[in-house]
Amino acid sequence: MDKYIEIKNLSKSFDETKVLINLNLNIKKNCISCIMGPSGTGKTTLVNIMMGLIEADSGEINGINPNSIGVVFQEDRLIEHLNAVENIYVVNNKTQSRENIISQLNFLGLNKEDIEKPVKNLSGGMRRRVCIIRAILFECETIIMDEPFKGLDDSLKKKVINHLVNNRKGRTILVITHDLNEAKELNAEIIDFTR
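First, a word on what this report is: a plain description of the structure on this page. (Residues numbered from 1 in each chain as written. Predicted model: local features only at pLDDT ≥ 70, side-chain atom pairs only at ≥ 80, totals over all residues. Heavy atoms only, no water.)

## Some thoughts on the overall build of the protein chain
This is how the line gets drawn: Strands here mean DSSP runs of E at least two residues long; helices mean DSSP runs of H or I at least four residues long; both are numbered from the N terminus. Here the globule rule reads 2.2 Å times residues to the power 0.38, and the radius of gyration is calculated from C-alpha atoms. Exposure categories follow from relative accessible area, calculated using a 1.4 Å probe and restricted to protein chains: below 20% of the type maximum is buried, above 50% is exposed, and the middle band is partly exposed. Here, residues are in contact when the closest pair of their heavy atoms is within 4.5 Å. All accessible areas in this document rest on Shrake-Rupley with a 1.4 Å probe, and a residue is counted as covered only by the protein chains that are shown. Asp and Glu count as negative and Lys and Arg as positive, but His and the ends of the chain are not part of the count. Charge coordinates come from a single atom per side chain, which is NZ of Lys, CZ of Arg, CG of Asp or CD of Glu.
Looking only at helices and strands, the protein chain features seven helices and eight strands. At 17 Å, the protein chain has a C-alpha radius of gyration in line with the 16 Å of a compact globule built from 195 residues. The dimensions of the protein chain, computed from C-alpha atoms along their principal axes, are 50 × 35 × 30 Å. Across the 195 residues of the protein chain, 50% fall into the buried class. Here the contacts in the protein chain between residues at least 6 apart in sequence split such that 71% fall between residues at least 24 apart. Looking at the protein chain as shown, the accessible area adds up to about 9900 Å², and 45% of this sits on carbon and sulfur atoms. In the protein chain, 26 positive and 26 negative side-chain charges are present, and the distance between their average locations comes to 3 Å.

This is the structure:
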């Protein structure tokens, strides 16, 4: 089995703006890695190509199955009129019991009243936790998370990170973050996108 997700000579431009130029990178499988670097260096573009959401202009990515990725996007991308449990249940193709989903949400501080509300009525931090639980519970090989912990205070962030680490089940996790403390809490390999 491959030990790495291998990115070879990957390039992507949007109109006249070159975002990725002949990027070569090996990402360790079955580990947690953090992509770090200033805005505009192509971090989100890279993961969008990895997920099959956009096409690269040239180059290739080997060792990842785009059909087996759990995702936390920068935006919440929740179904606004459904409650937290329904949002997670629908995405997980009904492979998770409602009891397990509720237990996970409770553990991260969402009570019965919160869980029963449409997610459009939840706070930003609660919505992020729903997105994170949705990705953790998704049956997949890889989890990609784009600034997943924004809007969480430090103590809650620590609890969510510990929960992610304890429930990753050996999967490859790739996190985009600007926060070195998050990378340290995750005990992650750091991929530096500074140019």
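Past the structure itself, the notes keep going.
## Overview of the sheet that holds strand 1 (residues 4–14)
The condition is simple: By definition, two strands form a pair when at least two bridges between them are found by DSSP. Working convention: axes come from line fits to C-alpha atoms, limited for helices to the stretch in contact. Angles between N-to-C directions cover 0 to 180 degrees.
With antiparallel pairing, the three strands of this open sheet are ordered in space as 2-1-4. Each of the sheet's edge strands pairs with one partner strand only, and the pair in question is strand 2 (17–28) and strand 4 (58–62). On average, each strand axis in the sheet is tilted by 15 degrees relative to the strand beside it, whichever way the strands run. Here eight bridges tie strand 1 to strand 2, and the two strands are oriented antiparallel to one another.

## Some thoughts on the packing of helix 5 (residues 124–137) against helix 6 (residues 154–166)
Applicable threshold: Orientation labels follow simple angle bins: below 35 degrees gives roughly parallel, above 145 gives roughly antiparallel, 65 to 115 gives roughly perpendicular, and whatever is left gives oblique.
Contact geometry of helix 5 with helix 6 gives a least axis separation of 11 Å together with a crossing angle of 10 degrees. In terms of axis orientation, helix 5 runs roughly parallel to helix 6. Contact residues: Arg 129, Ile 132, Ile 133 and Ile 136 in helix 5; Leu 156, Val 160, His 163 and Leu 164 in helix 6.

## Some thoughts on the side chain of Asp 114
Filter applied, for reference: Think of a salt bridge as a Lys or Arg side-chain nitrogen and an Asp or Glu carboxyl oxygen that are within 4 Å of each other.
Locating Asp 114 in the fold gives a position in helix 4 (residues 112–116). There is no salt bridge for the buried Asp 114, and the closest opposite charge comes from Lys 117, which lies 4.1 Å off by N-O distance. Here Asp 114 is in contact with Gly 109, Leu 122 and Met 126, once residues within four sequence places are set aside.

## Focus on the environment of Leu 82
Relative to the helices and strands, Leu 82 resides in the loop between strand 5 (69–72) and helix 2 (84–91). Distance in space between the C-alpha atoms of Leu 82 and Lys 120 is 8.2 Å, their sequence separation being 38 residues. Apart from residues lying up to four places away in sequence, Leu 82 is in contact with Asn 87, Val 90, Lys 117, Pro 118 and Val 119.

## Topic: the pattern of salt bridges
Enumeration over the complete set of coordinates arrives at 10 salt bridges. The shortest N-O distance in the salt bridge between Asp 76 and Arg 128 comes to 2.8 Å. Residue Asp 76 is located in the loop between strand 5 and helix 2, and its partner Arg 128 is located in helix 5; the two are separated by 52 residues in the primary sequence. According to the relative accessible area criterion, Arg 128 is buried, its value standing at 2%. Note that Glu 182 and Lys 157 form a salt bridge whose closest N and O atoms lie 3.0 Å from each other. Within this pair, whereas Glu 182 is found in helix 7 (residues 180–185), its partner Lys 157 is found in helix 6, the two being separated by 25 residues in sequence. Here Glu 182 and Lys 157 have matching classes, each one buried.

## Digging into the sheet that holds strand 6 (residues 142–146)
One open sheet accounts for five strands, arranged 5-6-7-3-8; its pairing is parallel. Single-partner strands in this sheet number two, and they are strand 5 and strand 8 (189–192). Put simply, the sheet's adjacent strands are angled 20 degrees from each other on average, direction ignored. Sitting on the sheet, helix 5 touches strand 5 and strand 6, and the angle it makes with strand 5 is about 175 degrees.

Scope: geometric values only; no functional claims are made or implied.
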